[in-house]
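Structural description and commentary
Letter by letter, the chains look like this.
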Amino acid sequence: MCGALNGTAGRRLALALLGGTMLGGMPTLAVAQDAGAEAAPPAPVVPQVQTIRSINIVGSERLEPTTILSYITLRAGQEYTQAAADQAIKELYATELFANASLRNDNGNVVIEVVENPVINRIILEGNKRIKNDKILPEIKLSPRQIFTRSKVRADTARIVELYKRQGRFAAVVEPKVVQLSQNRVDVVYEISEGPKSKVRQINIIGNEVFSDSELRGEMVTKQARFTSFFSSNTSYDPDRLAFDQQKLRQFYLTEGYADFRVVSAVAELTPDKKDFIITYVVEEGEQYSFGEVAVDSQIRDFDSDRMTTRLPMKSGDQYDAKLVEDTVEQLTDLAGTFGYAFADVRPQFSRRKEDLAMDITFVLNEAPRVYVERIDVNGNTLTQDKVLRREFRVAEGDAFNSIGVKRSTNRIKSLGFFQENFEIEQKPGSQPDRIVLEANVEEQPTGELQLSAGFSSIESFILSGSIRQRNFRGRGQTLGASVNYSRFSRSFNVSFTEPYVFDRNISAGVDIYRRDFNNFGFNNANRRNSFEQATTGISARVGVPLSEFMTLVGSYTLNYDDISVGDSFFSAPDANGNRTCIGGLFLCEVVGQRTSSILGATLAFDNLDNRFRPTRGMSVSFGTEFAGLGGSVKYLRVRGKAAKYWNVFNGFILSITAEGGAINGLANRPGIGIDDVRLNDRFFLGEPQFRGFDIRGVGPRVVGLPYVDDDGDPNTPNVVLDLETARADNRLSDDAIGGNAYYLTRAELEIPLGSGARELGLRPSIFVDAGALFSVTQPVLRDLPNGQPILDLNGNQLYNQIDDDGMGGTVTTQVTDPINPNTGAANIQLFDPRFAVQEQFLGNSAKPRVTAGIGVNWNSPFGPFRIDFAQTILSQPGDDTKRFTFNVGTQF
């Protein structure tokens, strides 16, 4: 046949083959006829119908063939069509379980060949430094042991890029890669190039005439990137923040009376290098409105519309303020809720008079039934007993609904610290229209605390502490705790128990058992030395009774046993009989001994702070008194007072002003020259950390020993006292703080808000001014020792010569009436070596204020609370010991 088809006929056949069609999947041959021949009509094509006899699955590894067949609608016995075959392939791909799928028909025997998608072995993130794994992995769809699909990889890549855009990193690039492993497993690797953070380079505002660009930028959350905004995270671009800033602008203009204000457009343009954004706002300010006719229309019979109108905060002619309108609506709603109208609806109706530029407002108080509390439900408390929550409610079942009582109940339950921070009492309709159900749906939080910490402070060097406390002991709201603290100059152990409701009555009680070892120290030259050591063992019991919602009266009784001694450097060497004499100053020697203090105390406290640990608004005031003398060997009366006020000002700034003071009066007349009625260990001391800018116990009365120096060149005959400033600069003096019987201290501090990044780190900077004084103590006997003298007994006989090792280098001699045994008369009781001549001076006993100012930073570091202060002394008194830089780690300021 091929040989017969040549020339023109061959060309025709070739054309026919090229133009052939497919019939039933087989090529058809169109044979061309001669032009003169008559065309015959085509024969009808009858498609062959095949029935599926079997369906076989080839290539499955993890999935059973029957499982794969369940994913498709194709079944044996059905007619085989190309459309049915295509649908089966689509159904397999829709499962996202297969990387490839194909189907062939062999005379009714259908074979489906599949290649399964691999299983993910690991998800690996590389290059992410700004956003950690624990922030990215929860946001993506793929995870280990899931089936790998390319669609999910694409979605996860887009999601990671979106996370970086939320942080302002619009140049971030994520490249996914797949690492093939054995057994059809893969590792999915996301290689991340984070890129620089896209800052807001410029914020342009077009159309503003009344307010300047800087004023409007100040109202926005987004800030322009400047060198002064290092700690701020609001300099990055965020689309959500852009929308929020538009609302902020509208709120600002509405507050200023521009009721027609609108933002025409807000466009953020990314610079070509993808490093910065330029934001442009187009605004229309409109005209400024004032309040027109303002009235209240009360449809509740208990409220008189006219009287309520007279008490509205806005008056006709005042500048229009949308914020004031919102506050008025909230106040009217709370007022209605206070009188039992829980579902009161207050709707302001506005009528704008453009010709007068006035806004008429009618506050419509719609009619509502007076509501009573049907019941109070408590849910979710698996550990805490019901009564612990119910006793904090300030409304009871059957009472008229009171919105203020419900809010106060919410705050009191939050203050327990047992449940979630966002706790709110839910209000639900009761069985009748005038009934309401209050639901307290709580989530228990851990209330046990175990703390082990180590720190360092400029006061006490290394600090070790440990404590264990359960704030909800046995689910009864009781507090049980124990603590141990150790440092260079103090050691303590304390066990405490508090019952907030004794016998289910609103009376609190508690007891503390403790041991405290404390070393009071002074300075000799540059060295710190122990002045006296006090070991106190005691027990304290207290009872508190609330007088009102915010006021409490607390009574206490304390029994202390004190054992006080001075350091070895203040004793002479043993004499022939082994006796040692206290050769320190008389203000130290007279405090030595064992004493018992029986103290009765009372404190009246008012506290409405919003947060006791970090308050931002509210006030706390306390006044307390202690009387020692109900038995025991110590008698005094001590009073103390403290007040603090907090304000949230300037959009996030927190201003606090604190004032405190105290006084103590000795009730036992202690005879002797230079002897105060209050012993040294019972007095007040002031300095670091209470008074920033001064060293520990750096303020108030003190005895300073200034050395004699010679001015004639003979070191053995010193005859001139070195001045205080020179002696302090050269570290050639002794300095012992002896405390005071009265003090006052005031502090003004402004906490500066930082960006969210700094807040997450726990950084809270502030500026402060401190002022105070410590004063009112009897001047002690002072020693002026230009020349050495031998120690004499009471008969004037010389005993022996010795060199004192009190840090000044020798014993001292003075002739006074012995304060401890005044009947012994005058006696020279000590010896001084001329090489260590010294003159003691009494300084700092002044009520004149000392003033310091400075900056400080609080940081909740991983190692514990950290406080650093830099203070400059503005006013001080002679003898005060200043200190510019202080820090504490592991202790609470």
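Structure: see above.
A few words on the overall build of the protein. When helices and strands are tallied, the protein shows 14 helices and 42 strands. Relative to its 893 residues, the protein shows a buried fraction of 40%. When contacts within the protein are restricted to residue pairs at least 6 apart in sequence, long-range pairs at least 24 apart make up 61% of them. When the accessible surface of the protein is summed, it comes to about 47600 Å², and 53% of that surface belongs to carbon and sulfur atoms.

Okay, the side chain of Arg683 next. With respect to the secondary-structure elements, Arg683 resides in the loop between strand S30 (653–666) and strand S31 (702–709). With a relative accessible area of 10%, Arg683 lands in the buried category. Within the structure, Arg683 has its side chain in polar contact with the backbone oxygen of Val678 (distance 3.0 Å). Among the polar contacts listed, one links the side chain of Arg683 to the backbone oxygen of Ile738, at a separation of 2.7 Å.

To continue, consider the pattern of salt bridges. Two side chains carrying opposite charge are able to pair once their charged atoms lie near each other. Inspection of every chain in the model, using the stated rule, returns 39 salt bridges. Notably, a salt bridge pairs Glu116 with Arg62, separated by 3.7 Å at the nearest N-O pair. Separated by 54 residues along the polypeptide, Glu116 in strand S7 (residues 109–116) and Arg62 in the loop between strand S4 (54–58) and helix H2 (65–69) bring together distant segments of the chain. You can call Glu116 buried: its relative accessible area is 4%. A residue is classified by how much of its surface remains accessible, and Arg62, at 37% relative accessible area, is partly exposed. The closest approach of N and O atoms between Arg692 and Asp770, which form a salt bridge, is 3.0 Å. Of this pair, Arg692 sits in the loop between S30 and S31 while Asp770 sits in strand S35 (residues 763–775), placing them 78 residues apart in sequence. Across the pair, Asp770 and Arg692 agree in class, each one buried. Taken together, the salt bridges that share partners define one network made up of Glu392, Arg394, Arg408, Arg412 and Glu549.

It is worth spelling out the packing of aromatic side chains at this point. On inspection of all chains with the given rule, the structure shows 17 aromatic pairs. Judged by centre distance (5.3 Å) and plane angle (85 degrees), the ring pair of Phe211 and Tyr253 falls under edge-to-face. One end of the pair, Phe211, is in the loop between strand S11 (199–206) and helix H6 (213–219); the other, Tyr253, is in helix H7 (residues 239–255), and 42 residues separate them in sequence. Residue classification places Phe211 among the buried residues on the basis of a relative accessible area of 12%. Relative to Phe339, the ring of Phe303 has its centre 5.5 Å away and its plane inclined at 85 degrees; by these criteria the two rings are edge-to-face. Taken together, the residues span a long stretch of sequence, with Phe303 in the loop between strand S14 (290–298) and helix H8 (305–310) and Phe339 in the loop between helix H9 (322–338) and strand S15 (345–353) at a distance of 36 residues. Residue classification places Phe339 among the partly exposed residues on the basis of a relative accessible area of 41%. Taken together, the ring pairs connect Phe211, Phe252, Tyr253, Tyr258 and Phe261 into an aromatic cluster.

Pairing of strand S22 (residues 478–487) with strand S23 (residues 490–499) involves eight bridges; the strand directions are antiparallel. Directly across from Thr479, in S23, lies its bridge partner Thr498. As consecutive antiparallel partners, S22 and S23 are separated by two residues.

Helix length check: helix H5 (residues 150–166) (17 residues) gives 24 Å between terminal C-alpha atoms against 24 Å at 1.5 Å per residue, within 8%. Those residues of H5 lying buried are Val153, Asp156, Thr157, Ile160, Val161, Leu163 and Tyr164. Taken end-on, H5 shows its buried residues confined to a sector of 155 degrees, consistent with a single buried face. Residues of H5 that are buried in the fold lie against strand S8 (119–126), helix H4 (133–136), strand S9 (173–181) and strand S10 (185–193). Positive backbone phi, at 85 degrees, marks Gly168, one or two positions downstream of H5.

For the rest of this paragraph, the subject is H7. Taking 1.5 Å as the rise per residue, H7 with 17 residues should run 24 Å; its terminal C-alpha atoms sit 25 Å apart, in good agreement. As for H7, its buried residues are in contact with H6, strand S12 (262–270), strand S13 (276–284) and H9. The N-terminus of H7 is capped by Asp238, whose side-chain oxygen sits 3.0 Å from the backbone nitrogen of Asp240. Directly beyond the C-terminal end of H7, a positive phi value near 100 degrees is found at Gly257.

Read from one edge to the other, the open sheet built from three strands follows the order S14-S16-S15, with strand pairing classed as mixed. Only two strands of the sheet have a single neighbouring strand rather than two, namely S14 and S15. Direction aside, the axes of adjacent strands within the sheet are offset by 15 degrees on average. Bridge count for S15 against strand S16 (residues 358–366) is nine bridges, and the pairing is antiparallel. Bridging across to S16, Arg353 finds its partner in Ala358.

A word on the environment of Asn719. Note on placement: Asn719 falls in the loop between S31 and strand S32 (720–721). We classify Asn719 as partly exposed; its relative accessible area is 40%.

What follows covers unusual backbone geometry. Cis geometry marks the peptide bond from Glu688 to Pro689; its omega dihedral reads 5 degrees. A positive phi angle, near 55 degrees, is found at Arg697, a position not held by glycine. By secondary structure assignment, the location of Arg697 is in the loop between S30 and S31. Phi is positive for Ser776, close to 70 degrees, though the residue is something other than glycine.

Another point: the sheet that holds S9. Adjacent strands of a sheet pair through backbone hydrogen bonds, lying either parallel or antiparallel. Read across the open sheet, the three strands follow the order S8-S10-S9; overall the sheet is mixed. Two strands close off the open sheet at either side, each with one partner strand: S8 and S9. Averaged over neighbouring strand pairs, the angle between their axes works out to 20 degrees when direction is ignored.

A few words now on the packing of H9 against helix H11 (residues 403–416). Running from N to C, H9 and H11 cross one another at 95 degrees; their axes reach a closest spacing of 6 Å. Comparing their axes, H11 and H9 come out roughly perpendicular. Two secondary-structure elements touch here, H9 through Asp334, Gly337 and Thr338 and H11 through Ser403, Ile404 and Lys407. Class assignment for the residues of the contact of H9 with H11 results in one nonpolar, three polar and two charged.

What follows is about the environment of Val325. Its place among the elements puts Val325 in helix H9. Assessed through its relative accessible area of 4%, Val325 is described here as buried. Filtering out sequence-adjacent residues up to four positions away, Val325 remains in contact with Phe291, Met314, Tyr320, Pro348, Phe350, Ile361 and Phe363.

Quick look at the nonpolar core now. Tyr320 and Phe363 are the most contacted members of the largest nonpolar core, which has 24 residues in total. Of the residues forming this core, the biggest block, five residues, is contributed by H9. Core analysis: the next-biggest nonpolar cluster, separate from the first, contains 21 residues, Val373, Phe393, Ile436 and Val442 among them.

About the cut-offs
- Residues numbered from 1 in each chain as written.
- Predicted model: local features only at pLDDT ≥ 70, side-chain atom pairs only at ≥ 80, totals over all residues.
- Heavy atoms only, no water.
- Helix = DSSP H or I, 4+ residues; strand = E, 2+ residues; numbered from the N terminus.
- Buried < 20%, exposed > 50% of the residue type's maximum accessible area, 1.4 Å probe, protein only.
- Contact = heavy atoms within 4.5 Å.
- Areas by Shrake-Rupley, 256 points an atom, 1.4 Å probe, with all protein chains shown as cover.
- Polar contact = N/O pair within 3.5 Å; in protein donor to acceptor, adjacent residues only side chain to side chain.
- Salt bridge = Lys/Arg side-chain N within 4 Å of Asp/Glu carboxyl O.
- Phe/Tyr/Trp six-rings, centres within 6.5 Å; stacked < 30°, edge-to-face > 60°.
- Pairing = 2+ DSSP bridges.
- Expected span 1.5 Å × (residues − 1).
- Arc of directions from axis to C-beta.
- Axes fitted to C-alpha atoms, helices over the stretch in contact; angles between N-to-C directions.
- Parallel < 35°, antiparallel > 145°, perpendicular 65-115°, else oblique.
- Nonpolar A, V, L, I, M, F, W, Y, C, P; charged D, E, K, R; others polar.
- Core = buried A, V, L, I, M, F, W, Y, C linked by side-chain atoms within 4.5 Å.

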